[in-house]
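Here are the chains, one letter per residue:
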Amino acid sequence: MKADERINLDGWWNYELFSGSTHMSGRINVPFPVESRKSFVEYKGRIDKLIYTREVELDDADGQRTVIHFGAVDHDASVFVNGILAGSHSGGYTPFDIDITDYIVNGCNLLRVEVFDDTDASNQARGKQCVDDEPHGCFYTRVTGIWQSVWIERKSMIYIESVKVDSFNSDGNAVFSLRLSRRPDNLTLSVSVNDEMKLCMNADARDLSFSIHVDDPVLWSVAKPALYHYEVALSSGDIAEGRFGFRDISWDKYGFYLNGERTPLCLVMDQGYYPDGIYTPDSADAFRDDIIRAQKLGFNGARLHQKVFQEEYLSIADELGFLVFCEFPSWGLDASSPATENIMEREWTETMELYYSHPSVIAYCPFNETPVNQDAGLVESVYRLTKSFDPARPVIDTSGFHHVVSDIFDIHDYEQDGRVLEEHYRRDYGVLGYDEYNSSYDGMTPLMLSASAVSFP
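Calculation notes
- Residues numbered from 1 in each chain as written.
- Predicted model: local features only at pLDDT ≥ 70, side-chain atom pairs only at ≥ 80, totals over all residues.
- Heavy atoms only, no water.
- Buried < 20%, exposed > 50% of the residue type's maximum accessible area, 1.4 Å probe, protein only.
- Helix = DSSP H or I, 4+ residues; strand = E, 2+ residues; numbered from the N terminus.
- Contact = heavy atoms within 4.5 Å.
- Axes fitted to C-alpha atoms, helices over the stretch in contact; angles between N-to-C directions.
- Parallel < 35°, antiparallel > 145°, perpendicular 65-115°, else oblique.
- Left-handed = near helix turned anticlockwise from the far one by under 90°.
- Nonpolar A, V, L, I, M, F, W, Y, C, P; charged D, E, K, R; others polar.
- Phe/Tyr/Trp six-rings, centres within 6.5 Å; stacked < 30°, edge-to-face > 60°.
- Lys NZ or Arg CZ within 6 Å of the ring centre and 35° of its normal.
- Salt bridge = Lys/Arg side-chain N within 4 Å of Asp/Glu carboxyl O.
- Pairing = 2+ DSSP bridges.
- Core = buried A, V, L, I, M, F, W, Y, C linked by side-chain atoms within 4.5 Å.

### Describing helix α2 (residues 311-320)
Burial in α2 covers these residues: Tyr313, Leu314, Ile316, Ala317 and Asp318. Where the residues of α2 are buried, they touch β23 (267-270), α1 (285-296), β24 (301-304), β25 (323-327), α3 (339-355) and β26 (361-365).

See below:
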């Protein structure tokens, strides 16, 4: 393998499944979850432990690093290389990578991924995965194990671990935040935008921040989703590239504004489930098809509901000018438990890091329909965490029902008759619509109906 060369590990792995007295083994099609038809296992019972194994041929690292990447594994994953634990990750929805250089040999290497996923846990984010044996109501088939792509990549000795781009303005200034694999020694870094060199500097720390300027920027919008391509290169040989867009967002009691223009939000609620793959579509073409279909129906965005979507979805939304509300799959978490704050601090922060640089993402929502006995301090703390991470986007503390502190007063009303629904909102400010918790609306915070299912006769 050469630097930046990849080995795609999607496809056939061996598996072992333990469920009470049941023990199954065979082959599984990664990255489809074991419950799905596309996995060719389609086991939907309780799973105590799931083990994946696969052999892969690797040559000598020769002064380079070898990194394995996982798009997402639900929920706790331990990764072994040639029988040695190389690393682990907890959380079923965000990507992670592990440097396996010190564990590989020249030739055949055995990869082993052990997965534990207790969907019944009293404090584990599961979204709309059903805790019962059969899906029902608004709950869907459970998801266990690897459900996004896996690949191995050869990197230079010092490489770029992450890139965050803040270009959310109309003045053409983009701030890049980089994290390197370790502190560099005598390296330079260069940045180009749309093939035009913008910066060359010494890389003298593991965490780097710098600004570049684009003259007369074309702003990203729904009608014209202008994107700029960037390339960040280290003199060690590592390169990171991606896209960003310049745009302003703001909000007040009269509505939402994109680049200073009031933009009514007409959003579809996308739950990200697929008939044969459950959480995983056949390809990113499914994301594109869904977005285009929604646009043709008159929607200009989506509330991504109770799931962290693959980054490919966000990239396509950037490209097509589709607005996105980012929501965490908080169902399953105990909103009255202090332990939830630690879980959210880790998993929700990883989610925001995934979504941050995409201009299509215009709002965050860490919780959904938390109960009346929620810990108000917990909800407020997560709201503050979110605002601290990204002060530029509005935050809904908990979608629907009982708000604590929120940039948007978000309500859910499931009245099916459109005329009755209309009557719900002909009353004075105060109790709004069908709200069993009687949350009080102040008349000043932006108001949004974000969950409904209605027909007009």
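### Looking at the packing of α3 against helix α4 (residues 376-389)
Between α3 and α4, the shortest axis-to-axis distance is 11 Å and the interhelical angle comes to 30°. It follows that α3 is roughly parallel to α4 by the angle criterion. At the point where α3 passes α4, the crossing takes the right-handed sense. Contact with α3, carried on its side by Thr340, Glu341, Met344, Glu345, Trp348, Thr349, Met352 and Glu353, involves Leu378, Ser381, Val382, Leu385, Thr386 and Phe389 of α4 and no other residues of that element. Considering only residue class, the contact of α3 with α4 consists of 7 nonpolar, 4 polar and 3 charged.

### Notes on the packing of aromatic side chains
Following the criterion strictly, the structure yields 23 aromatic pairs and no others. Between Phe176 and Phe210 the ring centres are 5.4 Å apart and the planes differ by 5°, which places this aromatic pair in the stacked class. Taken together, the residues Phe176 in strand β14 (residues 173-180) and Phe210 in strand β17 (residues 207-213) connect sequence positions 34 residues apart. Each member of the pair, Phe176 as well as Phe210, is classed as buried. By the ring-pair criterion, three or more aromatic residues cluster together here, those being Phe176, Phe210, Tyr228, Tyr230, Phe244 and Phe246. A cation sits over an aromatic face here: Arg27 above Trp12, 4.4 Å from the ring centre. When the ring centre of Tyr356 is taken as origin, the NZ or CZ atom of Arg393, which lies over that ring, is 5.5 Å away.

### Focus: the pattern of salt bridges
Counted under the stated rule, the structure contains 23 salt bridges. The residue Glu114 makes a salt bridge to Arg112 at a minimum N-O spacing of 2.8 Å. You can call Glu114 buried: its relative accessible area is 16%. Here Asp407 ties to Lys387 by a salt bridge, and the two come within 2.9 Å at their closest N and O atoms. Here the residue Asp407 occupies a position in the loop between β28 (398-399) and β29 (409-412), and Lys387 occupies one in helix α4, the gap between them amounting to 20 residues. Like Asp407, the residue Lys387 is buried in the burial classification. If you follow the salt bridges from partner to partner, you end up with Arg6, Glu153, Lys155 and Asp238 in one network.

### Focus on the sheet that holds strand β21 (residues 255-258)
Adjacent strands of a sheet pair through backbone hydrogen bonds, lying either parallel or antiparallel. Across the sheet, 3 strands lie side by side as β20-β21-β22; this open sheet has antiparallel pairing. The sheet is open, and its two borders are formed by β20 (249-252) and β22 (261-262), each paired with just one other strand. With 4 bridges joining them, β20 and β21 adopt antiparallel strand pairing. Its bridge partner being in β21, Asp252 is matched across the sheet by Gly255.

### Observations regarding the nonpolar core
Core analysis: the largest hydrophobic core is formed by 41 residues, its most contacted members being Leu304, Tyr313, Trp348, Tyr355 and Tyr364. At the level of secondary structure, the elements contributing two or more residues to this core comprise α1, β24, α2, β25, α3, β26 and α4. Among the elements that make up this core, the one with the highest residue count is α3 (6 residues). If we skip the residues at most four places from it in the chain, Tyr355 touches Leu304, Lys307, Val308, Phe309, Leu314, Cys326, Val361 and Arg393. Counting residues in hydrophobic clusters, the runner-up holds 31 residues, among them Trp13, Tyr15, Leu50 and Leu58.

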